[in-house]
Amino acid sequence: MKTRSIALTIVVCFLALTLSFAENPNMGTWKLNEAKSKLVAGMIKNTLVVYTAVGDSVKVTTDGTGTDGKPMQTEWTGKFDGKDYPLTGDRSADSRSYTKVDDRTLTLENKKGGMVTTKGKIVVSADGKTRTLTTSAKDSAGKEVTNTAVYDKQ
């Protein structure tokens, strides 16, 4: 009887974790819709973004081009808890934090050596078919620039 209760408890916990990720509208694959986006030349452009569950964390992988126009892929694994987690593949940042604002909104900060290099806000549409990422960063001349990237769910 005790073994059955423990097994049932584990199954219920696993299902709850799975459902919490399934309900997160950010999860899945997102492709950049350049026609709807307002991108500043010379800034990082992510053409594909993938959110996947990894245990009780989330893995975010991006494919695109860096500020130099060369191909770039980044990887980040962590939680949407506002804490910094390592970011790889981005020459302008070594950590990223995501903070959940509400069910469809996240904020993010990229940092290099503890200093914020990029701030952003991600909003998923009510129908879950698009997400909009608005970021602000400094360009190579030190001028503050804002990008708005619109992604379609794949």
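Residues numbered from 1 in each chain as written. Predicted model: local features only at pLDDT ≥ 70, side-chain atom pairs only at ≥ 80, totals over all residues. Heavy atoms only, no water.

Peer 1: What is the right way to look at the overall build of the protein in this model?
Peer 2: Check the secondary structure of the protein and you find 1 helix and 10 strands. Ordered by position from the N terminus, the helices and strands of the protein form the series α-β-β-β-β-β-β-β-β-β-β. Out of the 154 residues in the protein, the part that is buried amounts to 34%. Look at the contacts in the protein between residues 6 or more apart in sequence, and 29% of them connect residues 24 or more apart. Split by element, the accessible area of the protein, about 9,200 Å² in all, is 57% carbon and sulfur. (Helix = DSSP H or I, 4+ residues; strand = E, 2+ residues; numbered from the N terminus. Buried < 20%, exposed > 50% of the residue type's maximum accessible area, 1.4 Å probe, protein only. Contact = heavy atoms within 4.5 Å. Areas by Shrake-Rupley, 256 points an atom, 1.4 Å probe, with all protein chains shown as cover.)

Peer 1: Explanation requested: the confidence of the model for the protein in the structure shown.
Peer 2: On average, residues of the protein carry a pLDDT of 89, and 86% of them reach 70 or more. Within the model, the stretch residues 11-22 combines pLDDT values under 50 with 8 contacts to residues more than four positions away or in other chains. (pLDDT = per-residue confidence, 0-100.)

Peer 1: Teacher, can you tell me more about the environment of Val40 here?
Peer 2: By the element assignment, Val40 lies in the loop between strand E1 (28-32) and strand E2 (45-54). We classify Val40 as partly exposed; its relative accessible area is 29%. Spatially, the C-alpha atom of Val40 lies 7.3 Å from that of Thr146, the residues being 106 residues apart in sequence.

Peer 1: For this particular structure, what's the right way to read the packing of aromatic side chains?
Peer 2: For any pair of aromatic rings, the description consists of the separation of the ring centres together with the inter-plane angle of the planes. Evaluation of the coordinates by the stated rule reveals 6 aromatic pairs. Measuring from centroid to centroid gives 5.7 Å for Trp76 and Tyr85, while their planes differ by 90°, and the two rings are edge-to-face. Across the pair, Tyr85 and Trp76 agree in class, each one buried. Note on Trp76 and Tyr98: the rings are 4.7 Å apart at their centroids and 70° apart in plane angle, and the pair reads as edge-to-face. Taken together, the positions of Trp76 in strand E4 (residues 71-78) and Tyr98 in strand E6 (residues 95-102) put the pair 22 residues apart, joining distant regions of the chain. Side by side, Trp76 and Tyr98 carry an identical accessibility label, which is buried. Taken together, the ring pairs connect Tyr51, Trp76, Phe80, Tyr85 and Tyr98 into an aromatic cluster. A cation over a ring is seen here: Arg131 above Tyr151, with NZ or CZ 5.0 Å from the ring centre. (Phe/Tyr/Trp six-rings, centres within 6.5 Å; stacked < 30°, edge-to-face > 60°. Lys NZ or Arg CZ within 6 Å of the ring centre and 35° of its normal.)

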